[in-house]
Amino acid sequence: MFVRFGDAVLPQIQPRVSDHADSEWLQSSRDALPSHRRDAIFEAIASSAEELLRSPDLSASLPNIAEQVGRAADVDRLHILLHKDKSRATDRVTQGQYYAWCAPSISSAPSFMGVDNSLSEVGSGSWVPALAAGKIIAAPTRKLDPVARGYLEMAGVKSVLAVPIIAGGDWLGIIGFDDCRSERHWWPAEIEIIKILAQLVGSAIVSLRRLKVLADANRIVETSPTILYRLGPQPPFPLVFVSKNIDRYGYDAAQLLATPDRWPRLIHHDDITTTV
């Protein structure tokens, strides 16, 4: 017989307690379960990395990633919270974007987990210093502080794992896992792989922010009457870049770059300095 564990199908073992060899075999099979789960999580994160690399919009990719990783980790809920406030010193850190996946057999995330609530308002204010310092929260709900325990019990959570998303020295958010069925033991191998996911998400956030800055700068240039260009450092000083807004003066940027030595003939001789 076989039982399904996440995405892996494992043999179901019937132990005979009186048989010492069978008991050791049973223990070995139980010890193997985390490795199967670890491998499933690793495959989901590898797929997530590919999606993050090609995604121009995290709001479209993060829900898919939450589902993939949540199923692979065999948890009941997975939360990705990206906050607005970068402050490391306050429990009033506010959520900016919130994505959640819930297993079909589990109720959806409670309303108090929604966007625009501070971490204090969702019962996690005491976690802020640890998370901001890059530390992991992994514990049964009953062992948490009374406020956090109260909110998580309202959501039916028996065990929780929260991994901070940190990139460029900034704490950007949290990836959280809920187990509503049992007090789960979070294995170090699982946590290390999930930390890789947090790093990938953080890198994607920083990369997209840089692309946005460049896009905004490009829009400013393209609407400006000022032409930006760059010449090669050696004679005949070929044109290696020219901004596309040169078309407002009747020239095509691609054609100019195709003939990089032509540009001096387009400038009045009085405007070319003797150093060129």
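Residues numbered from 1 in each chain as written. Predicted model: local features only at pLDDT ≥ 70, side-chain atom pairs only at ≥ 80, totals over all residues. Heavy atoms only, no water.

Novice: Would you mind showing me how to read the overall build of the protein chain here?
Specialist: Counting secondary structure elements, the protein chain contains 6 helices and 9 strands. Put simply, the protein chain has 276 residues, and 38% of those count as buried. A separation of at least 24 residues holds for 53% of the contacts in the protein chain among residues at least 6 apart in sequence. Surface exposure of the protein chain reaches about 15,700 Å², of which carbon and sulfur atoms provide 56%. (Helix = DSSP H or I, 4+ residues; strand = E, 2+ residues; numbered from the N terminus. Buried < 20%, exposed > 50% of the residue type's maximum accessible area, 1.4 Å probe, protein only. Contact = heavy atoms within 4.5 Å. Areas by Shrake-Rupley, 256 points an atom, 1.4 Å probe, with all protein chains shown as cover.)

Novice: Sorry if this is basic, but what is going on with the nonpolar core here?
Specialist: If you look at soluble globular proteins, the nonpolar side chains tend to sit buried side by side. Counting 56 residues, the largest nonpolar core has Leu62, Ile80, Trp127, Ile175 and Phe177 as its most contacted members. Take this core: its biggest share by element is 9 residues, from helix H5 (residues 188-222). With residues near it in sequence (within four places) discarded, Ile80 still touches Leu62, Ala66, Gln97, Tyr98, Tyr99, Ile165, Ile174 and Ile175. Of all hydrophobic cores here, the second largest spans 6 residues; its members include Leu239, Ile246, Leu256 and Trp263. (Core = buried A, V, L, I, M, F, W, Y, C linked by side-chain atoms within 4.5 Å.)

Novice: Explanation requested: unusual backbone geometry in the structure shown.
Specialist: Keep in mind that most residues, glycine aside, have a negative phi and that most peptide bonds are trans. Residue Pro235 is joined to Pro236 through a cis peptide bond whose omega torsion reads 10 degrees. Topologically, Pro236 is positioned in the loop between strand S8 (229-231) and strand S9 (239-242). Of note, the phi angle at Asp74 is positive, near 60 degrees, even though the residue is not glycine. Mapped onto the fold, Asp74 is located in the loop between helix H2 (58-73) and strand S3 (77-83). Overall, Asp74 belongs to the partly exposed group, its relative accessible area being 22%.

Novice: What is the right way to look at a nonpolar patch on the surface in this model?
Specialist: There is a patch of nonpolar side chains on the surface, built from Tyr249, Tyr251, Leu266 and Ile267 and spanning about 330 Å² of accessible area. When its relative accessible area of 45% is taken as the criterion, Tyr249 is described as partly exposed. (Patch = residues over 30% accessible without salt bridge, like charges linked within 9 Å, V, L, I, M, F, W, Y side chains within 5 Å. Salt bridge = Lys/Arg side-chain N within 4 Å of Asp/Glu carboxyl O.)

Novice: I'm lost on the confidence of the model for the protein chain in this one. Help?
Specialist: In low-pLDDT regions, the fine details of the predicted coordinates are not to be read closely. For the protein chain, per-residue confidence averages 78 on the pLDDT scale, and 77% of positions sit at 70 or higher. Below a pLDDT of 50 lies the segment residues 1-19, which in the model reaches 28 contacts outside its immediate sequence neighbourhood of four places, other chains included. Contacts for the low-pLDDT stretch residues 87-92, under 50 throughout, to residues beyond four places or in other chains number 18 contacts. (pLDDT = per-residue confidence, 0-100.)

Novice: Explain the pattern of salt bridges to me, please; I cannot follow it from the model alone.
Specialist: Side chains bearing opposite charge may pair, as long as their charged atoms lie close to each other. What the rule picks out here adds up to 8 salt bridges. Between Glu67 and Arg71 there is a salt bridge, with its nearest N and O atoms 3.1 Å apart. Here Arg71 and Glu67 lie together in helix H2, a separation of 4 residues that amounts to about one turn. On the accessibility criterion, Glu67 (33% relative accessible area) is partly exposed. Note that Arg142 is salt-bridged to Glu183, the shortest N-O span being 2.6 Å. With Arg142 in the loop between strand S5 (137-140) and helix H4 (146-154) and Glu183 in the loop between strand S7 (170-179) and H5, the pair connects residues that are 41 residues apart, well separated along the chain. Within this structure, Asp74, Asp76 and Arg181 form a network of salt bridges that share partners.

Novice: Where do I start with the state of the cysteines in this structure?
Specialist: Two cysteines, two sulfur atoms, one covalent bond between them: this is a disulfide. Counting across every chain of the model gives 0 disulfides. Sulfur of Cys102: no disulfide; nearest cysteine sulfur belongs to Cys180 and is 8.2 Å away. By relative accessible area, Cys180 is classed as buried at 13%. (Disulfide = S-S within 2.5 Å.)

Novice: What's the story with H5 in this structure? I'm lost.
Specialist: The periodicity of an α-helix, 3.6 residues per turn, causes residues three or four places apart in sequence to face the same way. Taking 1.5 Å of rise per residue, 35 residues should cover 51 Å, and H5 covers 51 Å from first to last C-alpha, within 8% of that figure. The set of residues buried in H5 consists of Glu190, Ile191, Ile193, Ile194, Leu197, Ala198, Val201, Gly202, Ala204, Ile205, Val206 and Val221. (Expected span 1.5 Å × (residues − 1).)

Novice: Before we go on, may I ask you to explain the environment of Leu78 in this structure?
Specialist: Position of Leu78 relative to the elements: it lies in strand S3. In the structure, Leu78 is positioned 22 residues away from Ala100 in sequence and 5.6 Å away in space, judged by C-alpha atoms. Leave out the neighbours within four places in its chain, and Leu78 touches Ala66, Val69, Gly70, Tyr99, Ala100, Trp101, Ile175, Gly176 and Phe177.

Novice: Teacher, can you tell me more about the packing of H2 against H5 here?
Specialist: Helix packing for two helices is described by the angle between their axes and how far apart those axes are. Viewed as axis vectors pointing N to C, H2 and H5 meet at an angle of 175 degrees, and their least axial separation amounts to 12 Å. Here H5 runs roughly antiparallel to H2, going by the angle between their axes. Within the contact between the two elements, H2 uses Leu58, Leu62, Ile65 and Val69 and H5 uses Leu197, Val201, Ala204, Ile205 and Leu208. Looking at the contact of H2 with H5, its residues break down into 9 nonpolar, no polar and no charged. (Axes fitted to C-alpha atoms, helices over the stretch in contact; angles between N-to-C directions. Parallel < 35°, antiparallel > 145°, perpendicular 65-115°, else oblique. Nonpolar A, V, L, I, M, F, W, Y, C, P; charged D, E, K, R; others polar.)

Novice: Looking at this model, I keep getting lost on the side chain of Asp178. Mind explaining?
Specialist: With respect to the helices and strands, Asp178 occurs in strand S7. Of the residues examined, Asp178 reaches a relative accessible area of 5% and is grouped as buried. Polar side-chain contacts of Asp178 include one of 2.6 Å to the side chain of His79. (Polar contact = N/O pair within 3.5 Å; in protein donor to acceptor, adjacent residues only side chain to side chain.)

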